[in-house]
Amino acid sequence: MSLLIFILAGVVGIILLQPFIAYARDPHRLRRFTSASSLAALTPLWLMYHNYFGKRYIAVDKAHKKLGPIVRIAPNHISFSDPAAYKEIYGHSTPAIKDEWYDNLAAGNPSMATATDKTVHSQKRRNLSNVFSPKEVVVMEPRINILTHKLLHALKKKSQGEMLSSADKYAVVNGAFDLRPWINMFSFDAMGSMCWSSDFGFLEKGGDSCFARTAEGAVIPVHAMETFHVGVAFTTLLAHLPLQWYKLGRRIFKKTWSGQCAENFGSMTRFKVMERMSTPPAGRDLFSHFPIQATEKRPVPMKLPEIIVENQVMLSAGSDTTQSALTYTMFLLAANPEKQRALREILESTLPAEEVKGLVASYNSLKNIPYLKACIDESMRLYAPIGFGLPRRTLGEGATIAGHHIPGGVTISAPVYTIQRNEKLFHDASKYIPERWLPEDSDTTEEERRNLKDYYLPFSLGGRACIGRNLAYMQMSLVVSAMVMAFDWELAKPGFEIVPKEKFIFNSGPLPVKARPRVEIV
Ligand code: HEM
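Rules behind the numbers
Residues numbered from 1 in each chain as written. Predicted model: local features only at pLDDT ≥ 70, side-chain atom pairs only at ≥ 80, totals over all residues. Buried ≥ 20, exposed ≤ 12 C-beta atoms within 10 Å, placed from the backbone. Helix = DSSP H or I, 4+ residues; strand = E, 2+ residues; numbered from the N terminus. Contact = placed C-beta atoms within 7 Å. UniProt positions renumbered as here; feature names shortened; annotations may be inferred. Axes fitted to C-alpha atoms, helices over the stretch in contact; angles between N-to-C directions. Parallel < 35°, antiparallel > 145°, perpendicular 65-115°, else oblique. Left-handed = near helix turned anticlockwise from the far one by under 90°. Nonpolar A, V, L, I, M, F, W, Y, C, P; charged D, E, K, R; others polar. Pairing = 2+ DSSP bridges. Near = placed C-beta within 6 Å.

A word on helix α5 (residues 83–90)
Most of α5 is tucked away: six of the eight residues are buried. For α5, the complete set of buried residues consists of Pro83, Ala85, Tyr86, Glu88, Ile89 and Tyr90. Lining the buried residues of α5 we find β2 (77–80), β7 (392–393), β8 (399–401), β10 (411–413) and α19 (416–420).

Encoded structure:
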């Protein structure tokens, strides 16, 4: 017995000592960099703790402000807040690849977004390039137009204190309601419609219940928003652990609510993909470009697990980012009535009269209105939908970042939240000033204009930059302009501050607002 206790104590001792041994050995010479805390130098728990509470962005930001532009935020992870380092880490000529964190997220079935191997990624990007071609923005616009009308209709009901159906659980209290779930339901419906010609019907019923098909073929009811947000928070948190621990964690927590949500989001996509494959629509949608049939040029068609994971990425990368950008933009416009009025006046005086009357204008007209883009870009500068330092891994000989040689096998990143709020790059960097984006603005220097070009990075840079940005701008332009022309927006409580809750995406807490219809909305 005492021998068993002795052995067990030895094993526990070795596990506990291991971080200290690794720290002392310091194979990558990372002790030369200041640590965000002593815990950060020893275990990934410092980062995971802040990730768990949705506050990683602010913890890393504070660490840089206190300790300088290079900070060790995990035993093998160095964060760089020097703006020039961003290009070195993510630009086209970067020697780094996506970190093992993405391998964990991929769980053995990589997508275009999670593939770490450069050859696998290029192959995937080539296979799916037609899905994201500029032509598709034009083809998809009518679907977004219809859904924007549905969003306006739902918001009209909420502004009048009404419920959409028995599925609508979003109460209106003293004339105020939470705008966030409505934008989120729009973004799910938008991706459903564009990807598979079948939206989820969320905006019509005012609720997010839908179906998921498990890997075993069972069809189960789920709530899309909760499934996605809880599932993503769970996987992105666990993915900080080394691969074996990650796998163990997934197994241990499989039956918990978070583990189930992580599984169910994949199952939601499986349901939609199977439905789309069994009943192809008459018209073209994004799925039409998936290489699911053998052709002369591509004799081996894409297999079902890959089809599902690529569609899952489109649903997650495409809906939650847009949702986040739209929520913060509407928050900032409601909090800054003078900017809201200026945008409305510009829209109504610039757009053709019939487009103003119709409320949902054409992207062709909207993309020529710089102030609209300025309002959206300034919101994404302050609240980038993906604001944390996306982890990359140095290879072989390593890389020189911000003048420091980083050996191969080290995780490096640069936090967009911190860079985009850098006072040295942008005047009044924490303030919402869409005017800084306009060429005629006299408060913006030539240097700041260059910085806006070089260090505005919500879509990242290089070979792994966002492939869906054109689709995103089309959606955001239609929705923001329609909401501003249709309603006067006001925060439910003056001075209310939105509370960011970062998961993978820079989500937020509730956004209680009051909306006064300005015109007849049908
Ligand atoms: C405001 C909206 C959006 C923002 C801010 C945004 C931002 C980003 C960022 C920062 C990345 C790089 C992620 C990384 O390195 O891990 C990315 C990648 C990606 N995004 Fe977006 N995105 C948006 C909308 C969309 C939409 C609408 C779609 C699809 C319809 C989409 C599809 C993708 C895909 C497939 C990738 C992976 C690209 C690759 O690795 O080659 N995104 N996005």
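Details of the UniProt feature "binding site: heme" (unreviewed entry) in the protein chain
The feature "binding site: heme" (unreviewed entry), as given by UniProt, occupies Cys466 in the numbering adopted here. We classify Cys466 as partly exposed; it has 19 C-beta atoms within 10 Å. In this structure Cys466 touches Phe459 and Ser460, once residues within four positions along its chain are discounted.

Focus: unusual backbone geometry
Look at Ala107: it is not a glycine, yet its phi comes out positive at around 45 degrees. By the C-beta count within 10 Å, which is 17 here, Ala107 ends up partly exposed.

Things to note about the packing of helix α8 (residues 134–159) against helix α21 (residues 469–486)
Where α8 contacts α21, the two axes come as close as 9 Å, and the packing angle between them is 30 degrees. Taken together, α8 and α21 sit at an angle that is classed as roughly parallel. Note that α8 runs across α21; the crossing there is right-handed. Mapping the contact onto sequence places Pro134, Val137, Met140, Glu141, Ile144, Asn145, Thr148, Leu151 and Leu152 in α8 and Asn470, Leu471, Met474, Gln475, Leu478, Val479, Ala482 and Ala486 in α21. The class makeup of the residues in the contact of α8 with α21 is 12 nonpolar, four polar and one charged.

Focus: the pairing of strand β14 (residues 512–517)
In summary, the side chains of a regular strand alternate between the two faces of the sheet. Relative to β14, strand β4 (residues 177–178) is paired through two bridges, and the arrangement is antiparallel. Looking at the pairing, Asp178 lines up with Pro512 of β14. Alignment of strand β11 (residues 487–491) against β14, held across five bridges, turns out to be antiparallel. Among the inter-strand pairings, Trp489 is bridged to a residue of β14, identified as Ala515.

Examining the site of the ligand
Taken together, 22 residues lie near the ligand, and Gly318, Thr321, Cys466, Gly468 and Ala472 sit nearest. At the level of elements, α14 (304–335) and α21 are the ones that each hand at least two residues to the shell around the ligand. Among the elements that take part in the shell around the ligand, α14 stands out by supplying seven residues, more than any other. Class assignment for the residues of the shell around the ligand results in 15 nonpolar, five polar and two charged.

Digging into the pairing of β2
Residues His77 and Ser79 point to one face of β2 and Ile78 and Phe80 to the other, with burial holding for every one of them. As paired elements, strand β1 (residues 70–74) and β2 share four bridges and run antiparallel to each other. Note that in β2 the partner of Ala74 across the bridge is His77. What sits between the antiparallel neighbours β1 and β2 is a turn of two residues. Alignment of β2 against β10, held across three bridges, turns out to be parallel. Note that in β10 the partner of Ser79 across the bridge is Ser413.

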